[in-house]
Amino acid sequence: MTRWDDWTWEERSQPADTPTAPAAIDATAAGEASPAAAGGGGRQTPQVFRRRRAAAGGVALVVVVALIAAVASKGGSGKAHDPVRAHTAKLTPSAAAQAAAREAGEQQAIDHVLSYTSAVTSGGSSGEEVALTFDDGPGPYTLRLVAELNRLKVHATFFAIGNQEQYFSAGTAAEVESGDVVGDHTETHPMMAQLSPHDQYDELFEQMAQIEVVGAKRPRLFRPPYGSFDATTFKELHHLRLLMVLWSVDTADYTLPGTQAIVQRALAGAKPGAIILMHDAGGERSQTIAALPAIVAGLRKRGLEPVTVPQLLKDDPPPPGQPIPTALSGG
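Description of the structure in this document. Remember, predicted model here, so these are calculated numbers, not experimental data.

Comments concerning the pattern of salt bridges
- Counted according to the given criterion, the structure contains seven salt bridges.
- We note a salt bridge from R220 to D111, for which the minimum N-O separation is 2.7 Å. Taken together, the residues span a long stretch of sequence, with R220 in the loop between α8 (197-213) and β7 (221-222) and D111 in helix α5 (residues 93-114) at a distance of 109 residues.
- Residue classification places R220 among the buried positions, given a relative accessible area of 8%.
- The salt bridge partner of D135 is R223, with a shortest N-O separation of 2.9 Å. Of the two residues, D135 sits in strand β4 (residues 129-137) while R223 sits in the loop between β7 and α9 (231-240), which places them 88 residues apart along the sequence.
- For D135, a relative accessible area of 0% gives the class buried.
- Note on R223: relative accessible area 0%, which makes it buried.

Quick look at unusual backbone geometry
- Put simply, G137 and P138 share a cis peptide bond, and its omega is -5°.
- Structurally, the position occupied by P138 is in the loop between β4 and α6 (142-151).
- Here K153, not a glycine, exhibits a phi torsion of approximately 60°, which is positive.
- On the accessibility criterion, K153 (68% relative accessible area) is exposed.
- Within the chain, R241 stands out as a residue other than glycine whose phi angle is a positive 60°.
- According to the relative accessible area criterion, R241 is partly exposed, its value standing at 39%.

Here's the deal with helix α11 (residues 286-301)
- Between the first and last C-alpha of α11 there are 24 Å, a value that for 16 residues agrees with the 22 Å anticipated at 1.5 Å per step.
- Residue L292 marks the point of greatest curvature in α11, where the axis turns by about 35°; the proline P293 follows within four residues.
- The complete set of buried residues in α11 reads T288, I289, A291, L292, I295, V296, G298 and L299.
- On its buried side, α11 packs onto β4, α6, α10 (259-268), β10 (275-279) and β11 (305-307).
- Backbone geometry just downstream of α11 places G303 in the positive-phi region, at approximately 80°.

Definitions and limits used
Residues numbered from 1 in each chain as written. Predicted model: local features only at pLDDT ≥ 70, side-chain atom pairs only at ≥ 80, totals over all residues. Heavy atoms only, no water. Salt bridge = Lys/Arg side-chain N within 4 Å of Asp/Glu carboxyl O. Helix = DSSP H or I, 4+ residues; strand = E, 2+ residues; numbered from the N terminus. Buried < 20%, exposed > 50% of the residue type's maximum accessible area, 1.4 Å probe, protein only. Expected span 1.5 Å × (residues − 1). Bend = angle between axes of the 7 residues up to and from the residue. Contact = heavy atoms within 4.5 Å.

Below, the structure written as structure tokens:
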């Protein structure tokens, strides 16, 4: 099994089947019933792709196409657009140094939490922060959602699906340029507990590669689709130095309950250290976007500030010894 340290582009595997077309990704926006409503997931269950090492050359084409598109977008300058570098370039020297120090501190915080647990459902309870998280992107609504967060001066954590990047990578680039955090939500959004160790590793690893291709940093956080995981999942997370991030508040926004219901659910469970689950893709997400101003205002009225998961872990990490749920639903 290929590991991160000895991996090359030539060894990167490619799904055996053709990825879901954009029109099928957001079928719920057209009024189709989503199987997530019955099983607790934020998007329609995709086919679980099987990797074939013999088809590894396909990813090289993906990379070349991505680079060519990036060069074209720069007007033929020959330099691919790097969202992380572009974000840093906008900062003054002192601000850039502060951003680098903050990033280093957040990475250390993740390492610290990993030293005593492999999964978290919340931060500590003594601070004044909560984490807003969004699953299943990037998608058609991601750019609008990021713009709304920017208007509200809020940073969030996005758990992205690798094979969505071929259609909506602009959403991930916007997250990076806005200072948000991008985590791993697998390559194809499968039920992880139903996969072999090899396939679980590939689901994690291939998403990480896709995210780096579009200019984001290597993910350190993972959220299991549908809340599905097992002992094998934790072994593969350990190999890749990923922390599993679950949640303490599920807004069930994927069921399209209405803007007011999303607001009420988010605020009902909001307390210091809460991790709030929402979605930026996998269906029609205008209700979620419309709910954000009232959610943020309600949190701030209680003296709670929305932050990224790494910032929450840095400022108020969860105490050791908390039990890890065996399964959840909603991711």
